[in-house]
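# Fold and contact review
Below, each chain spelled out in residue letters.
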Amino acid sequence: MKFFLDTANLAQIERIVRLGLVDGVTTNPSIIAKEGRPFKELIQEICKIVKGPVSAEVVGLTVDEMLKEAYEIASWAENVVIKLPMTENGLEATHRLSQEGIKTNVTLIFTAVQGLMAAKAGATYISPFVGRLDDIGANGMDLIRNLKSMLHNYNFSTEIIVASVRSIQHVEQAAIAGADIATIPGALLPSLWKHPLTDKGIEQFLIDWVNVPA
Ligand code: G3P
């Protein structure tokens with residue numbers, strides 16, 4: 001499973017890039033707003049640090065507005081991916097962009113049929129939000145399993161990005177379900193390699209090591 005970072009924070013991205021764990025980055029308007037920097041400048045810097053796909057989202061709601069923003073964003077870097085919302089206009093814009101060979105990521109997917117429609121429209125990636133489904137008492141991982149079998153049944157090349165990831169369990173379950181990608185918040189990712197027994201083990205090894213004769 002590929003790891004994307006769900007952040008626009010350069011320090012978080014650089015830290016995980018040094019470990020060779022970053023296959024791509026996803027952002028959304030809320031994530032961009034947190035950094036307090038111009039959108040274009042930030043996306044271009046991320047695209048230089050990360051060689052894989054970097055999703056940048058349009059905010060327009062009409063097809064014309066989405067396409068205008070998409071062409072502008074697509075000119076910023078080779079590896080940029082246009083993120084569009086799962087709406088009728090988002091699907092039309094996705095279809096137009098896919099016909100022109102521009103990569104897209106359809107976001108805010110909450111049902112399997114929404115994912116199926118985005119795939120049929122030509123989306124390169126779809127982003128189902130597991131955490132926000134769990135928040136309302138649904139099971140986000142059921143959606144991932146259903147999407148996985150649906151796309152497999154019909155041989156779609158669209159990749160599933162498990163989004164709205166909130167926990168280590170979400171990452172594990174996404175991999176077990178066979179998701180293509182999990183996009184992980186920058187602050188959550190370091191908890192994936194940590195375990196108290198690992199730290200305790202190191203501590204004990206160092207205590208015992210002083211008894212080894214020189
Ligand atoms: O990738 C989408 C993700 O950023 C949404 O996460 O935690 O705001 O539901 P969250």
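Everything in this summary refers to the structure shown in the same document. Because the structure is a prediction, the values reported are computed rather than measured.

### Some thoughts on the layout of surface pockets
A volume near 330 Å³ is recorded for the largest pocket. Around the largest pocket, the lining comprises 19 residues; the ones closest to its centre are Asp6, Asn28, Ile31, Lys34 and Pro185. With 4 residues, the top contributor of residues to the lining of the largest pocket is helix H2 (residues 29–35). Grouping the amino acids of the lining of the largest pocket by side-chain chemistry returns 7 nonpolar, 6 polar and 6 charged.

### So, the site of the ligand
Inspection of the region around the ligand gives Asp6, Asn28, Ile31, Phe129, Arg132, Ala163, Ser164 and Arg166 as its neighbouring residues. In this structure, Arg132 approaches the ligand through a side-chain N or O atom, which is 2.6 Å from an oxygen atom. Its free accessible area being 310 Å², the ligand has 81% of it covered by the protein chains. Under a 2 Å grid-point criterion requiring more than half of the atoms, the pocket assigned to the ligand is the largest pocket. Its residues assigned to classes, the shell around the ligand comprises 3 nonpolar, 2 polar and 3 charged.

### A few points about the pairing of strand S5 (residues 104–109)
For S5, the buried fraction is high: 5 of the 6 residues fall into the buried class. Across 4 bridges, strand S4 (residues 80–85) lies against S5 in parallel orientation. Within S5, the residue paired with Leu84 across the bridge is Val106. Between the parallel elements S4 and S5, the chain passes through helix H5 (residues 88–99) in a crossover that is right-handed. Pairing of S5 with strand S6 (residues 125–128) involves 4 bridges; the strand directions are parallel. Each bridged residue has a counterpart across the sheet, and for Thr107 the counterpart in S6 is Ser127. Read as a crossover between parallel neighbours, the route from S5 over helix H6 (residues 112–121) to S6 is right-handed.

### A closer look at the sheet that holds S5
In space, the 8 strands of this closed barrel follow the order S1-S2-S3-S4-S5-S6-S7-S8, with parallel pairing throughout. Each strand axis lies, on average, 30° off the axis of its neighbour in the sheet, ignoring direction. Docked against the sheet, helix H3 (residues 39–49) engages strand S2 (24–26), strand S3 (54–57) and S4, running at close to 170° with respect to S3.

### A few points about the packing of aromatic side chains
If you walk through the whole model with that rule in mind, you get 3 aromatic pairs. A centroid spacing of 5.6 Å and a plane angle of 65° characterise the contact between Phe110 and Phe129, whose relative ring orientation is edge-to-face. Of this pair, Phe110 sits in the loop between S5 and H6 while Phe129 sits in the loop between S6 and helix H7 (130–135), and the two are 19 residues apart along the sequence.

### A look at the side chain of Ser127
With respect to the helices, strands and loops of the structure, Ser127 is situated in strand S6. For Ser127, the side chain forms a polar contact with the side chain of Asn105, separated by 2.7 Å. Leave out the neighbours within four places in its chain, and Ser127 touches Asn105, Val106, Thr107, Leu108, Ile109, Ile161 and Ala163.

### A few points about the environment of Ala187
With respect to the helices and strands, the residue Ala187 is situated in the loop between strand S8 (181–184) and helix H10 (196–209). In sequence terms Ala187 and Gln12 are 175 residues apart; their C-alpha atoms lie 7.4 Å from each other.

Rules used throughout
Residues numbered from 1 in each chain as written. Predicted model: local features only at pLDDT ≥ 70, side-chain atom pairs only at ≥ 80, totals over all residues. Heavy atoms only, no water. 1 Å grid on protein atoms, 1.4 Å probe; cavity = no way out; pocket = protein on both sides within 12 Å on 5 of 7 lines; lining within 4 Å. Points joined across faces, edges and corners; volume = space filled by probe spheres on them. Helix = DSSP H or I, 4+ residues; strand = E, 2+ residues; numbered from the N terminus. Nonpolar A, V, L, I, M, F, W, Y, C, P; charged D, E, K, R; others polar. Near = heavy atom within 4 Å. Polar contact = N/O pair within 3.5 Å; in protein donor to acceptor, adjacent residues only side chain to side chain. Areas by Shrake-Rupley, 256 points an atom, 1.4 Å probe, with all protein chains shown as cover. Sits in = over half its atoms within 2 Å of the grid points. Buried < 20%, exposed > 50% of the residue type's maximum accessible area, 1.4 Å probe, protein only. Pairing = 2+ DSSP bridges. Right-handed = clockwise from strand over helix to strand, strands pointing away. Axes fitted to C-alpha atoms, helices over the stretch in contact; angles between N-to-C directions. Contact = heavy atoms within 4.5 Å. Phe/Tyr/Trp six-rings, centres within 6.5 Å; stacked < 30°, edge-to-face > 60°.

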